[in-house]
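Here is how the chains run, residue by residue.
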Amino acid sequence: MTFRRKQVVKRLRTFIALAAVPLFLAACGNLGSSSMSSSSGGSGKSGSTQLTGQTTDGDYEGVIKSGHYQTSKSRGVTNSQDSGNTYNLKSFENGMLSVSKKVFSTKKYVFQEGQYLSSSTVQNWLDRKSKSNPDGLNPASNGSTSPNKRNPIYIQALEEQDYMTQKDNKLSLSGVTVGIAVNSVDYYKKTQYGATFETKISKAAGEAYAKKAANTVLQRLRKKSALKNVPIVIAVYRQASNDSLVGGTFMAYSNNKAGATSVKSWTPLGEKNYVFPVESGSSSPNSNDESSFTNFKTQVENFFPNLSGVTAQARYDGKNLQGMHVNITVQFYSQTEIISFTQYLQTAAQKYLPSGVPIDITVSSTDGTQSFLARASGAKKFTSHIFNSY
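Residues numbered from 1 in each chain as written. Predicted model: local features only at pLDDT ≥ 70, side-chain atom pairs only at ≥ 80, totals over all residues. Heavy atoms only, no water.

## Regarding the pairing of strand β6 (residues 155-167)
- Of all 13 residues in β6, 11 are buried, a share of seventy percent or more.
- Sheet analysis places strand β5 (residues 110-113) next to β6, joined by 4 bridges and oriented antiparallel. The residue bridging E113 from the neighbouring strand is Q161, located in β6.
- Here β6 runs beside strand β7 (residues 170-182); their pairing, made up of 12 bridges, is antiparallel. Looking across to β7, one finds that K167 is bridged to K170.
- If you look at the hairpin formed by β6 and β7, you'll find 2 residues sitting between the two strands, and D168 has a positive phi there, around 50°. (Buried < 20%, exposed > 50% of the residue type's maximum accessible area, 1.4 Å probe, protein only. Helix = DSSP H or I, 4+ residues; strand = E, 2+ residues; numbered from the N terminus. Pairing = 2+ DSSP bridges.)

Rendered as C-alpha cells:
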C-alpha cells in the first residue's frame, strides 16, 4: 500500500469511527422507571434491576443491575493481528445483533452483554491447540513459517451475547448468541520485530473450519449449568482484511434448540459490504445505487469545492441495499459554511441518494465532526445536527 493510500485509509477510518458516536447516543434512550428483583446474570449477585428503555421497537432494551450497566465479561478479546481493521469489531457486534433479531424478538427479549464466558476462557479458546492449551480452537503450529505451508490462525474472535425474558417481575436467561469470527487473511511475523507476512484463507476454508469449531463451542457451552437448557445461536463471521475500508460480514448462523449438543443445520446469509465510489474494474450489486451515489457526490463537489473526499460504506443482502454510511471530509472551518453546507446536503441527499433504506452522513474536518445527518428506514426526510461550541 502506498504512503498516500495509507494516509487516506487512516483519515477515513477516523471519520467513520466518529460517525458512530451520535448513532450510539441516539440509541441510548431513557432508563426504565421500573425496577425488579432478579436472580439471573452470570455475576451471581442479586439486586435491583432496571432496563434502559427502547428508542424504537427494533432495538433491544439493555440490563442495568444495581445501578450499573452489565458489561461483557470478555468483549474485545481477539487474537493479536498486525494493525487490524478497526471496522471489524463494530461490524462483528452489530451483525450479531442483526442475526439475534432473527431468532430473539426485540418485543419479547432483553439484551444483556455476555456474562458466562470470561476473558481468560475466550483467550484460551482463541489460542492454538497445544499441550499447555488443549482447549485451543485454532490448529497447532506445524513449525512452518511459509505463507502457503503454515497452519494459519483461522478463528480471530469469539463473542457472547445474552437474551433475557421478563416474567413475574424477574429476568431470566432465555437465549444466547455466540459469534465466531474467522480471518480472511492471517497476518504474522517470523521474528518478533520483523516484517509482516500474510496467509490468505479462502471463504470456503474459513467457513468450514468455523462450522467444525462451532460443534466444540456448543458442547463446551452446554457444560455450564446456566446454558444447559437454553437456545444457543452460533453465527459465523468473515473478517475483512486490514486494508479494507469496510468491516466483514456474517456468512451463516445456526439456531440450536434448548439442550442440543451438536449443530444440525446452518442458514446461509447473503450479506456483503461495499465502498462507494467503487474501484475501477469492480461493480456493486445494484448499478442504480452506484449511479445515485455518483450523482450525489458530483453535486456536492460542484457546490462546495473545498472537499477532501466523499465516500460511503454500503451494506447489501444479495442485490438489495440495506443501508449506507456516507462520509464527507471538508477543508473549510467557517461555522456559516458548515451550516450552509449541511442545509444543502439535506436537500441533495433526499434528491439523489437511494430511498427506503437507513442512511447517515457525517461531515468531518481535521477539527473533528462538524455535522451529522440521518434518515431512518422508510422515512422521507433527513434530520440534521450541527456541532457548535460556546
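## So, unusual backbone geometry
- A cis amide bond links F276 with the next residue in sequence, P277, at an omega value of 0°.
- With respect to the element layout, P277 can be found in the loop between β13 (271-276) and α5 (287-303).
- Even without being a glycine, S66 presents a positive backbone phi close to 55°.
- Position of S66 relative to the elements: it lies in the loop between β3 (63-65) and β4 (68-69).

## Some remarks on the nonpolar core
- Residues I155, L158, I180, V217 and L221 are the most contacted members of the largest nonpolar core, which totals 34 residues.
- Elements with a minimum of two residues in this core: α3 (119-126), β6, β7, α4 (203-222) and β10 (232-238).
- In this view, L158 contacts V77, L117, V122, W125, L126, L137, V178, G179, I180 and V217; residues no more than four positions away in its chain are not counted.
- Membership of the second largest hydrophobic core comes to 32 residues, among which are V330, L345, V357 and V363. (Core = buried A, V, L, I, M, F, W, Y, C linked by side-chain atoms within 4.5 Å. Contact = heavy atoms within 4.5 Å.)

## Observations concerning the packing of aromatic side chains
- Counting across every chain of the model gives 14 aromatic pairs.
- Here the aromatic rings of Y60 and Y163 are separated by 4.9 Å at their centres, their planes lie at 55°, and the arrangement is tilted. With Y60 in the loop between β2 (47-51) and β3 and Y163 in strand β6, this residue pair connects regions lying 103 residues apart in the sequence.
- Assessed through its relative accessible area of 11%, Y60 is described here as buried. (Phe/Tyr/Trp six-rings, centres within 6.5 Å; stacked < 30°, edge-to-face > 60°.)

## Focus on the sheet that holds strand β16 (residues 359-365)
- Strand order in the open sheet formed by 6 strands is β13-β14-β15-β16-β17-β18, with mixed pairing between adjacent strands. Only two strands of the sheet have a single partner each, and these edge strands are β13 and β18 (383-386). Between one strand axis and the next, the sheet turns through 15° on average, direction left out of account.
- Alignment of strand β15 (residues 320-330) against β16, held across 6 bridges, turns out to be parallel. When the sheet's bridge partners are listed, N327 is paired in β16 with T362.
- Contacts from α5 reach β13, β14 (307-317), β15 and β16 within the one sheet, and its direction differs from that of β14 by about 160°. (Axes fitted to C-alpha atoms, helices over the stretch in contact; angles between N-to-C directions.)

## Here we look at the pattern of salt bridges
- Applying the stated criterion across every chain, the model contains 6 salt bridges.
- One salt bridge connects E198 with K200, and the closest N-O pair in it is separated by 3.5 Å.
- Using a relative accessible area of 39% as the deciding quantity, one classes E198 as partly exposed.
- On the accessibility criterion, K200 (66% relative accessible area) is exposed.
- One salt bridge connects E301 with K297, and the closest N-O pair in it is separated by 2.8 Å. In this pair, E301 and K297 both sit in helix α5, 4 residues apart, roughly one turn of the helix. (Salt bridge = Lys/Arg side-chain N within 4 Å of Asp/Glu carboxyl O.)

## Concerning helix α2 (residues 87-101)
- Compared with an ideal rise of 1.5 Å per residue, which puts 15 residues at 21 Å, α2 spans 21 Å between its outermost C-alpha atoms and is within 8% of the ideal.
- Buried residues of α2: Y87, N88, S91, F92, E93, G95, M96, V99 and S100, and no others. (Expected span 1.5 Å × (residues − 1).)

## Describing the environment of K228
- One can find K228 in the loop between α4 and β10.
- Put simply, K228 and G259 are 31 residues apart on the chain and 5.8 Å apart in space, counted from C-alpha to C-alpha.

None of this, on its own, says anything about what the molecule does.
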